[in-house]
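For reference, the chains in residue letters:
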Amino acid sequence: MCNTDCCSNPKGKAGTKTAINSTNSSDIIPTPESLLYPYEVIEEIADFITKGSGMRPKIGIICGSGLGSLADIIQDPKIFEYEKIPNFPVSTVEGHAGRLVVGTLEGATVMAMQGRFHFYEGYPLAKCSMPVRVMKLCGVEYLFATNAAGGINPRFAVGDIMLMHDHVNMLGFAGNSPLQGPNDPRFGPRFPALVNSYNKDLINKAIEIGKAMGIESNIHVGVYSCLGGPNYETIAELKALRMMGVDAVGMSTVHEVITARHCDMKVFAFSLITNKCATEYSDKKDDEANHDEVMAVAKNRQKACCELVSRLIREIHMASA
Ligand SMILES: O=P(O)(O)O[C@@H]1C[C@H](O)[C@@H](CO)O1
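Treat the numbers as computed from the prediction; the structure is a model and nothing was measured.

A. Fine view of the site of the ligand. Around the ligand, the surrounding shell holds 13 residues, and the nearest of these are His118, Tyr120, Tyr232, Ser252 and His291. At 2.9 Å from an oxygen atom of the ligand is found a side-chain nitrogen or oxygen belonging to Arg116. Here an oxygen atom of the ligand and a side-chain polar atom of Tyr120 are 2.6 Å apart. Most atoms of the ligand, that is more than half of them, are within 2 Å of grid points of the largest pocket. Residue assignment for the shell around the ligand shows that the elements contributing at least two residues are β5 (142-151) and α9 (291-320). Residue composition of the shell around the ligand, by class: five nonpolar, seven polar and one charged.

B. Structural context of helix α1 (residues 39-53). Counted at 1.5 Å a residue, the expected span for α1 with its 15 residues is 21 Å, and the 21 Å between its end C-alpha atoms agrees. Structurally, α1 contributes buried residues whose contacts are with β2 (75-81), β3 (99-105), β4 (108-114) and α4 (130-138).

C. Here's a closer look at the packing of aromatic side chains. Applying the stated criterion across every chain, the model contains eight aromatic pairs. On the basis of an interplanar angle of 55° and a centroid distance of 5.0 Å, the ring pair of Tyr82 and Phe88 is categorised as tilted. Each member of the pair Tyr82 and Phe88 is classed as buried. Here the aromatic cluster, defined as three or more aromatic residues joined through ring pairs, consists of Tyr82, Phe88, Phe117 and Tyr123. One Lys or Arg, Arg133, reaches over the ring of Phe187 and ends 4.1 Å from the middle of that ring.

D. Inspection of the pattern of salt bridges at higher detail. If you walk through the whole model with that rule in mind, you get nine salt bridges. Glu106 is the salt-bridge partner of Arg314, the closest N and O atoms lying 3.8 Å from each other. One end of the pair, Arg314, is in helix α9; the other, Glu106, is in the loop between β3 and β4, with 208 residues separating them in the sequence. Arg314 gets classed as partly exposed once you look at its relative accessible area, which sits at 41%. Its relative accessible area of 31% is what places Glu106 among the partly exposed residues. The closest approach of N and O atoms between Glu307 and Arg311, which form a salt bridge, is 2.9 Å. Here the residue Glu307 and the residue Arg311 both occupy positions in helix α9, the gap between them amounting to four residues, near one helical turn. Through salt bridges with shared partners, one network takes in Glu40, Asp184 and Arg186.

The rules behind these values
- Residues numbered from 1 in each chain as written.
- Predicted model: local features only at pLDDT ≥ 70, side-chain atom pairs only at ≥ 80, totals over all residues.
- Heavy atoms only, no water.
- Near = heavy atom within 4 Å.
- Polar contact = N/O pair within 3.5 Å; in protein donor to acceptor, adjacent residues only side chain to side chain.
- 1 Å grid on protein atoms, 1.4 Å probe; cavity = no way out; pocket = protein on both sides within 12 Å on 5 of 7 lines; lining within 4 Å.
- Sits in = over half its atoms within 2 Å of the grid points.
- Helix = DSSP H or I, 4+ residues; strand = E, 2+ residues; numbered from the N terminus.
- Nonpolar A, V, L, I, M, F, W, Y, C, P; charged D, E, K, R; others polar.
- Expected span 1.5 Å × (residues − 1).
- Contact = heavy atoms within 4.5 Å.
- Phe/Tyr/Trp six-rings, centres within 6.5 Å; stacked < 30°, edge-to-face > 60°.
- Buried < 20%, exposed > 50% of the residue type's maximum accessible area, 1.4 Å probe, protein only.
- Lys NZ or Arg CZ within 6 Å of the ring centre and 35° of its normal.
- Salt bridge = Lys/Arg side-chain N within 4 Å of Asp/Glu carboxyl O.

Structure (structure tokens):
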């Protein structure tokens with residue numbers, strides 16, 4: 001039973017057995033964040049989900065802000081509220097329902113996080129991306145990570161979809177990583193390489209699907225960067241990001257991708273461009289991003305996002321059948 005303050009579920013409601021290491025006041029060096037979720041704890045969470053659902057999903061989906069409908073299209077869903085999953089954090093952001101949905105989509109077994117964890121909610125990065133390791137131990141081979149993001153590339157319009165082919169890890173520049181702390185080789189190597197993180201075959205298939213859907217002019221391939229949030233960016237920051245080659249900016253996904261690549265999952269990720277970021281000074285109020293607008297655009301574009309994801313999952317499933 002876990003009685004530490006690292007858990008959202010301190011009484012271990014679902015009966016988990018492994019105690020999670022905690023930082024106690026006598027520690028000289030605080031317990032590294034990765035130790036909050038040792039392998040055995042992740043294994044127990046994964047067992048809870050695979051036994052509770054009777055499934056070993058192959059594809060994991062993380063729904064971005066306002067994109068929870070990606071989980072609503074899952075058939076024969078088994079739903080796990082985050083607060084009922086042992087040692088799971090809770091979602092605190094509007095547009096992130098806080099439940100895990102396991103079922104089938106286009107014939108493939110999938111699990112979807114309807115609600116992700118962000119650094120700005122106060123969770124360490126290792127905790128934000130801990131569910132990716134849970135997915136891995138549930139049997140997931142492919143991670144589909146989605147997000148809402150501001151478009152910095154001037155060619156991007158609101159409602160466009162940017163397939164991520166690379167990222168700039170701003171939190172990493174500042175010395176923060178979901179992999180900080182001792183490395184458990186059962187997950188992956190101490191020094192994982194991140195070139196080729198975003199699976200090229202899946203990007204190419206998604207481009208083809210975009211054409212078949214008649215939305216090729218709304219599909220781009222580009223570079224995403226994650227900042228800590230929760231504030232949106234200043235003009236000077238956006239200019240700097242643009243100079244660095246960033247096309248879209250958000251507050252998530254990168255640490256999830258790092259964690260997925262560390263444990264050798266194939267990654268497909270996209271940003272729904274929910275607002276255009278101003279990179280010049282002006283007095284216009286429309287230049288200010290806001291979460292209501294982010295949610296409204298995501299709601300408007302959910303059908304296209306669902307179709308893209310479904311068709312890509314269908315291709316993966318057919319290729320492996
Ligand atoms: O979870 P994502 O990255 O989709 O959410 C974005 C970033 C912030 O959480 C929020 C800002 O509107 O949307």
